[in-house]
Structures are given as structure tokens and as C-alpha cells.
Amino acid sequence: MLSSCADPKAIEGLSWLFCYLTSGKHIDFYWSFLTVLLLLAITAPAALGFGFVGATAARSPFLPARMLGKTYIAMVRGVPDIIYFLFFVIALDQAIEYLKFLAVCPAGSPLPWQGLEFRVCPEAKVPLSTSSAGWHKAYGFLLAAVTFAIVFGAFAANVLYGAMQAVPRAQLETAEAYGMSHKQVFRRILVPQMWSYALPGLSNLWMILIKATPLLFLLGVKDIVYYARELGGSKTQAYEFPHGDWRLYYFLGLLVFYLCMTRVSEILLGKLAGRLSRGQATAAGEAMRKAAA
Amino acid sequence: MKKLLLATALVALGAGMAAAQTVRLGTEGAYPPYNFVNDKGEVAGFERELGDELCKRAGLTCTWVTNEWDSIIPNLQSGNYDVIIAGMSITPERGEVVDFSQPYIPPASSAYLALSKDADLKSGPVAAQTSTIQAAFVAENGMTVVEYATPEETVAAVKNGEAVAVLADKDYLKPIADESGGALVLLDREEVIGGGVGMAFRKSDTELRGKFDAAIKSMKCDGTLDAMIVKPEYFGPETKVWGEEGKQGC
Amino acid sequence: MSMTCWETIQAYGLRSIGIGENLLPKTDFTLCQQFTLIGSGLIWNVYFGVLSLAFGFFLANALALAKSARSPWLRKPAEWFIFVFRGSPLFIQFFLAYEALVMLPRAGIEIFGITIATSWTTKAWAGALFVMFLNTAAYSAEIFYGALRSIPKGDLEAADAYGISGWQKFRRIQWPTMLRLGWPGYTNEAIFLFHATTLVFFSSFPAFSQRGDALYYANFFADKTFNPFIPYPIVGFYFICITLIVTMVFGAVNRRLNRHLPQNLKSRIRLRPQLVR
């Protein structure tokens, strides 16, 4: 904090506002935007991975794998995602500690589920109660990220499954005619070709993911919504910077942030779509060929 | 992802071996003067000072964690922290799921904050924070309760006319009424609900509870607890203190 | 004193709309209580879903037409409206709407000597419904706009050839074709709109007298029993039922819209999750 801000109650006007906006809690607020971006950066590829596995499983000739894949794809259709979010985080946390409990707790320890408590021996806590606050934060964040990845993986599986089905049969049959094996057709033809069909769905998924990030706040992660609520609420003289109820302004700020994210994504994804359509046997690809000719 | 998790767990394990036993204190961080997160982003308020002093007396290393009020007990049960110190009133209902220390603040009054002294509590909804003793009290006494997740929102509801009044701890509402310049007033009617404010522990943590109990008692005995309660930045000189009652059995 | 399940249903079956027992259960938290109260909360999810879809449908049609209009006076506002509601999280929209609505003067607004009451606007049944109405209108408008643009050129030329133009052409050719082409997408919108109704009491809108939706009561039970493994799956079960019903109803409409087409041209409804908020 700057020295001129040492006594906030003595200053006013613009310098007050400057000191207010650079207070420790505001700096935390600005960092929390990075938390959201980090969540997107981790979740998007992870969800794509889950989705790929799910879609491949759903196309498998092996019945149990196919059933599992199709169930995974169907799960987000019937039940609101928020239910999974509220539920998975606790379930994952308990599952991880249970696994560690099996590994490290002395033999003969009682099972963790005791009445209303979930209790493992101190060595099996994740993270340990002695670890620094940073680890606790990181763990909470990671749980949220994994939950996001599982739920959005199901959406991605749905998109990729559709895209794999959309690749023209003729292309696959031609490859087979050249003597490629099942695996080779999958790796060399199906996967490279499906992206152009999957992109519209995946673009939408990315937009959904952006718009789902406020739910982080429900998962106990201190994200931008948490700070907007916390900072915007009216403050009595107990605080260094007393003020009235400013939540509306903070939320307007969040609205602008999200609209900018959407706009930028739209522009970038539009460019990517153009690149992927090149040379494809689709309407967009045809239009490009005509324009070039 | 799994590897990453495992790595986290392993590093956490390593870090844990180096440090001494740390007790994690969970609080809400939105209920001044009991506890709040100050502009530096740190936990502050009466319970911050009290908690640090108790840890010193009990010879424990403590860290602070904040958690939303409505999930503060579940997160204690699942081990995210070891103690709740968040202005929590001792009630039999909560006593069935957690164990309380002896109270560190005597049974305090809950007050109604409204726009005018003659507000009719039966005429409209009364605001209270979700899963507080006040919310239950309003619902059980024939008034219409309207619940909000944070204390901040309950007061906002009165200001903008959503609710006729808000029922909360008097110590929380008083500074708000004082600073409102007459726009908000405390009603004369007050309620005494709950059996004082205490720390909450998991039922299985009897040893830890014993340590904090002894520390609270020692602060009652030498009068430091009363001195802390009446500090002007916390509850002020007019607040009910332990006095002679606290010194019994020293 | 424990109640039989039938008594519980009588006491709590309509609790979410204020009929029956005033106080929520304090002990037991039996499976029957959880099923009953969460089911009672579902009334609100259905209320928000059905009404916002019904009102939103009309606004969506108007917006889709405005967006395809040549005049920028119509097109620009529609584009912006759709962008703002589709480009930001519903969660934030709820927060903002609530914060803005509470700023209206409580005593009411006086226009030409008539006082218009405002206090009802901040209640979830009105305020949240309004936000959901605008939100679904924006999403549906985008679907219908896309459908309008993909009406086969031949259909329109055929209409011209028969001398059908103006309002007649819109009502008899363009609008039915738009509905038919947009219907699969619109079905998904409806499903995910019902899912989104669970956000109402998790954002800003307060629950009066502990009257909330299915998720509100599920959360209540999870808090009281410290066991999320029962109430949340119950909500899940109820929503699977809702999804099946919506799929059935919209499927019937879809069959009607496609009834004149040969079998191989009929559009089938598939999940396209572009519509989640």
C-alpha cells in the first residue's frame, strides 16, 4: 500500500478512490480474474480430453464401454449442471481422502463415515491441516476444476460423438479400401476430419464454459463474484474505507468483463472456423473454393 | 489430472512434516465487529483478536480460514477447518451435531433494525440470515421470515423496503444504526435467543475443545476477556460482560 | 411425534406456495420428507419454466424478425439485446436485475396521477420470471433468426411465383418453415431453460417464508443432515422427469410441424448443448 494511503479516513475525492481501488482486498479481487482465466485454461483441455474418451467409448463395439460412454453423454441432458457442482465437490473430496485413508492410516482405523462426520486420521487429510493456506486454496480450486472438467466433458463428449458420426462414410470407406486397419482409419481419417464438424459445437461449449464460471463461487472458491459481493457491500466505520451499497457497480463491471470475453472469443473462433473449413467438403469449404477461383 | 492431484497430495505431505501441528480456525468474515475481512484482505474483528490470544494461551499455532455461513458446519464436519469461531450462538439444535466450548460472549440480545421506531413487525416480512437462530425465531413466532445468505443483504433489504425489519445480533446492528444518520433505528423490542456465543468443534475433537475451554476460562478469570469485549472498536462499554459470574471456579 | 408419509405429503406437499405446515421439519429428515418438500419446490421450477417460455416465445419471434430487418433502427437494438443476454451469465443477470429493481422507489411511481406499485417487482415470482423471460427470448431469437436465414430459397421463389407476398407470405410460408427448422434447437432451449430455473434462489432473489424451489429445499436438507448424497440425487430424479416430459411435448409439436414432409426429410430432435447459460 502506498504511503499516502496510510490514513484513508483523512483523504477524500480522487485520491481516496485511488487508495480504495488499490487496497489489499482490491488487489485480491484483480487476481481473482486470473483465477477465472486459469480455471478456463485448465478446464477446457481437460473437458476436451474427457469428452474425447467419452465419445470414443460411446462408439466402441464393446457393449459395456458403449453403455458407459452413452450414459456419460446423457447425464448432462436430464439434470441441471448446478446439481452436479454442489454434489461432486463434496463427493470428490471424500473419495480422495478415502483413498489416502486406505493407504496411510494405521490398520484398524474406523471407517471415515461416522454418523454426521467424515473423519480420517490426521495423516490422511488432503491437504494436511499443517500445510499452508496456499495449498488449501490450490486444493479447493483443483477440486472445482476437476468438477467442471467432468461436467463439461460430458457436453464435449456429446459434441464429439456427433462430429464423429458426421464425417462422411465415403471418406472412411475409401480409407478402408486402401487397406487401412480400424485403428488407422480412426487415427488418420476420422479424428483429423471430425474437427471441422465439431467446431461449431465446441465453440458453443467454450461460450457455455465462460458463462458457467460464476458458479465457482458456489464451490467455495474466492472468485470474482465472491469479491464483487464482498467489496460492494456497504461498509461501516469498522473498515478503513466505509461506503454505501455499491454492489450494483461491481456487478456492472462483471457484466462488462463477461461481454468482452464473449466478444473476443467470438472473433477468435470465427477465424479458427475459417481455417478449419479450408478444403472441406462442406458448404463453408465450398464457398471458400468458389471465392478463391 | 490425477497425477497432478497426487503430486499436490505428496507435496502437501512433505510440507506437513516440516511444520508443527496447526489448528485451522474457520470464520465467516462478514459480521463486524465479531469478524470481518478488512481492506487489507485479512480476517479482523473481535474474534480475530480473541482467537489469536486463545491459541497463544493454549500453545497452538493457528491459521484463519473464511467460509460462507450457510455451509460453515458441514465444512467443519468434513475437516476443512478444526474450529468454528464465527459469532455462533450455542443452541441445543446445533449441539446435536457439533460440540461447543463454554461461551466467550454472554447471552446477548438480538435486536430489530427498521426504518422507524413504530415499524409493525406483523405487517410485513422480517429479514434474517439463512440458518441463524434469528431466522428460526422469526419463523416460529408468527412473523414472515425472508432469508438472505449474508448479513449485508439482510440490512440492504430493510433499507430498500423489502423487509419491515431485520433481526440479528444487537452488536452487529448497533454500529449500522449509529452510522445511518437516523435513517435506520433499533426497535425497543429485543429478543434473547440462544445461550451465548461459543466456539464449535467436531464431536470427536474433545482434546482440542478441552484446550480452548481452559484458555477461555483463564481469560475470564484474569479479566482480559471482559476488557477485550468492552473495547470501543468491538462492543463498547455498555455491553454485557462476564463480571463476577466469569470468575466463579477460578 | 413422527408423521406417516401420507401426513407428511399433506403437510408439505404444497409448502412451497404457502399451503400446509408453516414450519419446515426440524428433526427426522426422512426420505419421505425430502421427496415431498423437494417435489413441492418443483412447483416453482415449473412455474418459471413454463411462463417464461410462453411469454419468451412471442418476444423471440419479434426479435428474430427485427434482427433480420433491413432497417438498422430495428436490427441494431435487436442485435444488442441478443448479444447482452446471450453473452453474459444468467447468474450475473439475476444479481444485476435484483440490485436494479430494489432501487425503484418503494412507494410506487406516479405517472399522470396514477401510482404504479413497484414493490412486487423484487419478488422472485415477478423479478426472476422477468429476467428468465428476457433471457430465453434472446436465446430463442438467435435460434429463430438462424432458422429464418436457412429457409430454402426455392420455397420463397415458389411463393413469389404463386403471387403470395407480404403478410400472407410471412404467415403461410416463412413463419411455419422457420418454426419447423428451428424447432429441434428450440426444444433444447426449453430443456436447459428448465435447468436454469434452479439458479433463481441461488442468486439474489430471497426466499420468502422459506418458500423456494426444488434446489432451495435440497440445499436445506443437505445443510441439516450434512449429507448431500440424498437430497441432490432427488432433485436430479425430478429433473429427469421434467426433461422427459418436455421432450415428449416438444416432440409431439415437432411431428405436427413436419407432418407434410416425406419420412426421410423430417428433422429429428437431438441434444445440442449450445443453449446452456
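Residues numbered from 1 in each chain as written. Chains lettered and ligands numbered in written order. Predicted model: local features only at pLDDT ≥ 70, side-chain atom pairs only at ≥ 80, totals over all residues. Heavy atoms only, no water.

Asks: Tell me what's going on with the overall build of chain A, and back it up with residues and numbers.
Replies: From N to C terminus, chain A includes 10 helices and 2 strands. Reading the secondary structure of chain A in the N-to-C direction produces α-α-α-α-β-β-α-α-α-α-α-α. Taken against the 2.2 N^0.38 rule, which gives 19 Å for 293 residues, the C-alpha radius of gyration of chain A at 25 Å runs more than 25% over that of a compact globule. Across its three principal axes, chain A shows a C-alpha extent of roughly 80 × 70 × 30 Å. Carbon and sulfur atoms make up 68% of the accessible area of chain A, which amounts to about 13,800 Å² in all. (Helix = DSSP H or I, 4+ residues; strand = E, 2+ residues; numbered from the N terminus. Rg over C-alpha atoms; globule rule 2.2 N^0.38 Å. Areas by Shrake-Rupley, 256 points an atom, 1.4 Å probe, with all protein chains shown as cover.)

Asks: Tell me about the state of the cysteines, and name the residues and values.
Replies: Summed over the entire model, instances satisfying the criterion amount to 3 disulfides over all chains. Put simply, Cys221 of chain B and Cys250 of chain B are joined by a disulfide, and their sulfur atoms are 1.9 Å apart. Sign of the S-S torsion, about -95° for the bond between Cys221 of chain B and Cys250 of chain B, identifies this disulfide as left-handed. On the criterion of sequence distance, the pair formed by Cys221 of chain B in helix H8 (residues 206-221) and Cys250 of chain B in the segment after helix H10 (243-247) is long-range, its members being 29 residues apart. Here Cys5 of chain C pairs with Cys32 of chain C through a disulfide, and the sulfurs are 2.0 Å apart. Between Cys5 of chain C and Cys32 of chain C the sulfur-sulfur dihedral comes to about 90°; the bridge is accordingly right-handed. Of the two residues, Cys5 of chain C sits in helix H1 (residues 5-12) while Cys32 of chain C sits in helix H2 (residues 31-67), which places them 27 residues apart along the sequence. Accessibility expressed as a relative area gives 15% for Cys32 of chain C, which makes it buried. When the cysteines engaged in disulfides are numbered in sequence order, chain B pairs them as 1-2, 3-4. Here Cys241 of chain C is not disulfide-linked; the sulfur of Cys5 of chain C is the nearest cysteine sulfur, at 17 Å. (Disulfide = S-S within 2.5 Å. Buried < 20%, exposed > 50% of the residue type's maximum accessible area, 1.4 Å probe, protein only.)

Asks: An account of the interface of chain A and chain C is needed here, citing residue identities and associated values.
Replies: Residue-level contacts link 39 residues of chain A with 41 residues of chain C. Summed over both sides, the interface between chain A and chain C buries roughly 3,700 Å², with carbon and sulfur atoms accounting for 77% of that surface. It is Arg77, Lys211 and Leu248 of chain A that lose the most area in chain A upon contact with chain C, and together they represent 20% of the buried surface on that side. Counting every contact that joins chain A to chain C gives 1 salt bridge. Arg247 of chain A is the partner of Glu99 of chain C in a salt bridge, and the nearest nitrogen-oxygen pair spans 3.5 Å. Broken down by secondary-structure element, the contributors of at least two residues to the side of chain A that touches chain C are helix H3 (63-78), helix H4 (81-104), helix H5 (133-166), helix H7 (182-212), helix H8 (224-232) and helix H9 (247-277) of chain A. When residues of the side of chain A that touches chain C are assigned to their parent elements, the largest contribution, 11 residues, is made by H9 of chain A. Of the residues in the side of chain A that touches chain C, the class split is 25 nonpolar, 6 polar and 8 charged. (Contact = heavy atoms within 4.5 Å. Buried area = accessible area lost by both parts, 1.4 Å probe. Salt bridge = Lys/Arg side-chain N within 4 Å of Asp/Glu carboxyl O. Nonpolar A, V, L, I, M, F, W, Y, C, P; charged D, E, K, R; others polar.)

Asks: Break down H7 of chain A for me, citing the residues and quoting the values.
Replies: Over its 31 residues, H7 of chain A extends only 38 Å from the first C-alpha to the last, a length that falls short of the 45 Å expected when each residue adds 1.5 Å. For H7 of chain A, the principal kink sits at Ala198 of chain A and spans about 55°; a proline, Pro200 of chain A, occurs within the next four residues. (Expected span 1.5 Å × (residues − 1). Bend = angle between axes of the 7 residues up to and from the residue.)

Asks: Describe the confidence of the model for chain B, and please don't skip the residues or the numbers.
Replies: Residues and elements named next belong to chain B. Here chain B shows a mean pLDDT of 85. Residues at 70 or above account for 92%. Looking over chain B, one finds the lowest element-wise mean pLDDT in helix H1 (residues 2-18), namely 39, and the highest in strand S6 (residues 83-84), namely 96. Within the model, pLDDT remains below 50 along residues 1-19, and this stretch shows 19 contacts once partners closer than five positions in the same chain are excluded. The ipTM value of the predicted complex is 0.87, and its pTM value is 0.85. (pLDDT = per-residue confidence, 0-100.)

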